[in-house]
Amino acid sequence: MRILTTSLIVASLLVGCQEDPEPTPQDSGVTQQDSGVPPQDAGVTEDAGVTEDAGAPEDPLPSGPPVPRGPPNVPENTPAFPGQTRVPAIQTKTPFQVTEIASGFRNPWAIAFLPDQRMLVTEKATGSLYIVTQQGAKSPAVSGLPAVDARGQGGLLDVEVGPDYAESGRIYWTYTEPRTGGNGLAVARARLVDGAQPRVENVQVIFRMMPTLESTLHSGGRMVFTPDGKLFVTLGERSILAGRVQAQDVKSHFGKIVRINPDGSVPQDNPYLNNPEAKPEIWSIGHRNVLSAALDSQNRLWTVEMGPQGGDEVNRPEAGKDYGWPTIGYGEEYSGAPIHQSTQAPGMEQPVYYWDPVIAPSGMAIYSGTLFPEWRNNMFIGGLAAQTLVRLMVRNDRVVGEEHLLKNLNARIREVVQGPEGALYLLTDATNGKLLKVTPE
């Protein structure tokens, strides 16, 4: 374990983002990989609130210029309300340090904490799951997991410890499942058998994204458990035109957020349960590719989804609502061709916030700890293309300030979680991915 940075970080917090090279223009109707996703390697890729604490005095709202981001890709698109994009830049006052806990992960994707503060860490590209101690010791790969389709954006993705772990020992994970005729996101659970050679047993697949489609893109895959034991799962629309057009089709799981019980059954208060044409697991529709999700202090779901060229969005998905993709949005095709006729439409929700150009978001925490009082109730989002940790200050469900942290790492931030002690834990997306810990100095 080594300390990578100290309070010198603070001096460089407001540096603007350097974008990844522009993706290759697409064929008509078929999107390329998100700008936040690297080319395939030649040999190989929390509970908190968003409003101020009740009764706490509020500081004045931030003012001034936004974080430098360069010109928008679609300058003719204007926000639907003030503060929907490019809010004033803010700066963390608390000196902090970044400690490297472990390295050598091949495109790690997710972190989940066991009760003893050891961590489960997934490797997207290899389909491997590891147990990692706070001192950086890594177990052998957990055996017994099913095979994954690791091409492109697929592989072993999110992992969560079950709410009844103390009794059942169950963990849950998402992965791209190879199938006849293509692939699709699946959610599995199993009992974790700890020890020198850890394994899982009694594996059950509790959810399968349908229909099956041949695509290596936009699977989604983030999971969030709620205090009442329900499980949200985010799903992409597979990117290619055959999938994109299903994002608002309730007969398909593509481009949806779904809500299930821990055994995969459907909650009786799901919004489409009584629609015979709809997939009953659906919670909300009209999403592109959601890779960031967290609950606030009111146990409401917040997500951040990848836009195309421009148009990454922060949303607060509510039951039965349509979030517009691909009908409305603030981005364009990678070729520069238009996608949307408008940024607004009746019956479709506006994003709480959007970025143009994109940050390529992945991983999200809403801070509830005590180590950083000034960060309480702020959102932290991993930036892939932006190579930054994005901090959003939110008041009354509106973004009022933005900060880009850790630019000096020159790293794609894949995962952001809050640890039990209130530190932030990060994963960098690289063939030598790192597990990092952010604490006050």
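Read on for an overview of the structure. Bear in mind the structure is a predicted one, so any value in this text is a computation, not a measurement. (Residues numbered from 1 in each chain as written. Predicted model: local features only at pLDDT ≥ 70, side-chain atom pairs only at ≥ 80, totals over all residues. Heavy atoms only, no water.)

### Topic: the sheet that holds strand 12 (residues 257-260)
Item 1. Taken in spatial order, the four strands line up as 10-11-12-13 in an open sheet, and their pairing is antiparallel. Both edges of this open sheet fall to strand 10 (220-225) and strand 13 (282-284), since each of them pairs with a single strand only. Taken over all neighbouring pairs, the strand axes of this sheet differ in orientation by 30° on average, direction set aside.
Item 2. Bridging between strand 10 and strand 11 (residues 231-235) involves four bridges; their strand directions are antiparallel. Counted as the bridge partner of Gly220 is Leu235 from strand 11. (Pairing = 2+ DSSP bridges. Helix = DSSP H or I, 4+ residues; strand = E, 2+ residues; numbered from the N terminus. Axes fitted to C-alpha atoms, helices over the stretch in contact; angles between N-to-C directions.)

### Here's the deal with the pattern of salt bridges
A pair can form between side chains of opposite charge whenever their charged atoms are brought close.
Item 1. Going through the model one piece at a time under the given rule, you end up with 23 salt bridges.
Item 2. Two residues, Glu177 and Arg179, come together in a salt bridge whose shortest N-O distance is 2.8 Å. When sorted by exposure, Glu177 lands in the same class as Arg179, which is buried.
Item 3. For Glu333, the salt bridge is made with Arg244, and the minimal N-O distance between the two is 3.0 Å. Residue Glu333 is located in the loop between strand 16 (312-315) and strand 17 (353-355), and its partner Arg244 is located in helix 2 (residues 241-244); the two are separated by 89 residues in the primary sequence. Each member of the pair Glu333 and Arg244 is classed as buried.
Item 4. Residues joined by salt bridges that share partners form a network here, namely Asp296, Arg300, Arg316, Glu318, Lys321 and Asp397. (Salt bridge = Lys/Arg side-chain N within 4 Å of Asp/Glu carboxyl O. Buried < 20%, exposed > 50% of the residue type's maximum accessible area, 1.4 Å probe, protein only.)

### Some points on the sheet that holds strand 19 (residues 379-383)
Item 1. Ordered in space as 18-19-20-21, the four strands form an open sheet in which the pairing is antiparallel. Strand pairing shows two members of the sheet lacking a second neighbour, strand 18 (361-366) and strand 21 (398-405), which therefore form its edges. On average, adjacent strands in this sheet sit at an angle of 25° to one another, irrespective of strand direction.
Item 2. Examined bridge by bridge, strand 19 and strand 20 (residues 388-395) share five bridges and lie antiparallel to one another.

### Description of the pairing of strand 24 (residues 433-440)
Item 1. Here strand 24 lies mainly inside the structure; six of its eight residues are buried.
Item 2. Where strand 23 (residues 424-428) hands over to strand 24, the hairpin turn is made up of four residues, counted between the paired strands.

### Let's talk about the environment of His287
Item 1. Mapped onto the secondary structure, His287 falls in the loop between strand 13 and strand 14 (290-295).
Item 2. The class of His287 is buried, set by a relative accessible area of 0%.
Item 3. As for His287 and Met306, which are separated by 19 residues in sequence, their C-alpha atoms are 9.1 Å apart.
Item 4. Excluding residues that lie within four positions of it along the chain, His287 makes contacts with Glu237, Ala247, Gly255, Lys256, Ile257, Glu305, Pro317, Tyr323 and Trp325.
Item 5. Here Ser284 takes part through its side chain, which lies 2.8 Å from a polar atom of the side chain of His287. (Contact = heavy atoms within 4.5 Å. Polar contact = N/O pair within 3.5 Å; in protein donor to acceptor, adjacent residues only side chain to side chain.)

### Considering the side chain of His404
Item 1. Within the secondary structure, His404 is located in strand 21.
Item 2. Residue His404 is classed as buried on the basis of its relative accessible area of 0%.
Item 3. In terms of polar contacts, His404 uses its side chain to reach the side chain of Glu402, at 2.7 Å.

### Details of the nonpolar core
Item 1. Leu120, Trp173, Leu192 and Leu231 are the most contacted members of the largest nonpolar core, which totals 42 residues.
Item 2. The residues touching Leu192, leaving out its near neighbours within four places in the chain, are Leu114, Leu120, Ile131, Val142, Tyr165, Gly169, Ile171, Arg199 and Val200.
Item 3. Of all hydrophobic cores here, the second largest spans 18 residues; its members include Val304, Val352, Ile366 and Val399. (Core = buried A, V, L, I, M, F, W, Y, C linked by side-chain atoms within 4.5 Å.)

### Here's the deal with the environment of Gly70
Item 1. Along the chain, Gly70 falls in the loop between strand 1 (2-5) and strand 2 (96-105).
Item 2. The class of Gly70 is partly exposed, set by a relative accessible area of 37%.
Item 3. Apart from the residues lying within four places of it in its own chain, the contact partners of Gly70 are Arg86 and Pro357.

### A short note on the packing of aromatic side chains
Item 1. A full pass over the atoms with the stated rule returns twelve aromatic pairs.
Item 2. Between the aromatic rings of Tyr367 and Phe372, the centroid separation amounts to 6.2 Å while the plane-to-plane angle is 75°, which identifies the pairing as edge-to-face.
Item 3. For Tyr367, a relative accessible area of 0% gives the class buried.
Item 4. Between the aromatic rings of Trp375 and Phe380, the centroid separation amounts to 4.7 Å while the plane-to-plane angle is 55°, which identifies the pairing as tilted.
Item 5. With relative accessibility at 0%, the residue Trp375 sits in the buried group.
Item 6. Looking at Phe380, the relative accessible area reads 0%, which means it is buried.
Item 7. Pairwise contacts between aromatic rings join Phe96, Tyr367, Phe372, Trp375 and Phe380 into one cluster.
Item 8. One Lys or Arg, Lys138, reaches over the ring of Tyr130 and ends 5.2 Å from the middle of that ring.
Item 9. Cation over ring: Arg398 sits above Phe81, and NZ or CZ is 4.2 Å from the ring centre. (Phe/Tyr/Trp six-rings, centres within 6.5 Å; stacked < 30°, edge-to-face > 60°. Lys NZ or Arg CZ within 6 Å of the ring centre and 35° of its normal.)

### Notes on the pairing of strand 7 (residues 170-179)
Item 1. Taken across its ten residues, strand 7 has eight buried, putting it largely inside the fold.
Item 2. In this structure, strand 6 (residues 156-161) lies alongside strand 7, joined through four bridges in antiparallel fashion. The residue of strand 7 that forms the bridge with Val159 is Trp173.
Item 3. Sheet topology note: the strand 7/strand 8 (residues 182-193) ladder contains ten bridges and is antiparallel. Within strand 8, the position partnered with Glu177 by the bridge is Gly184.

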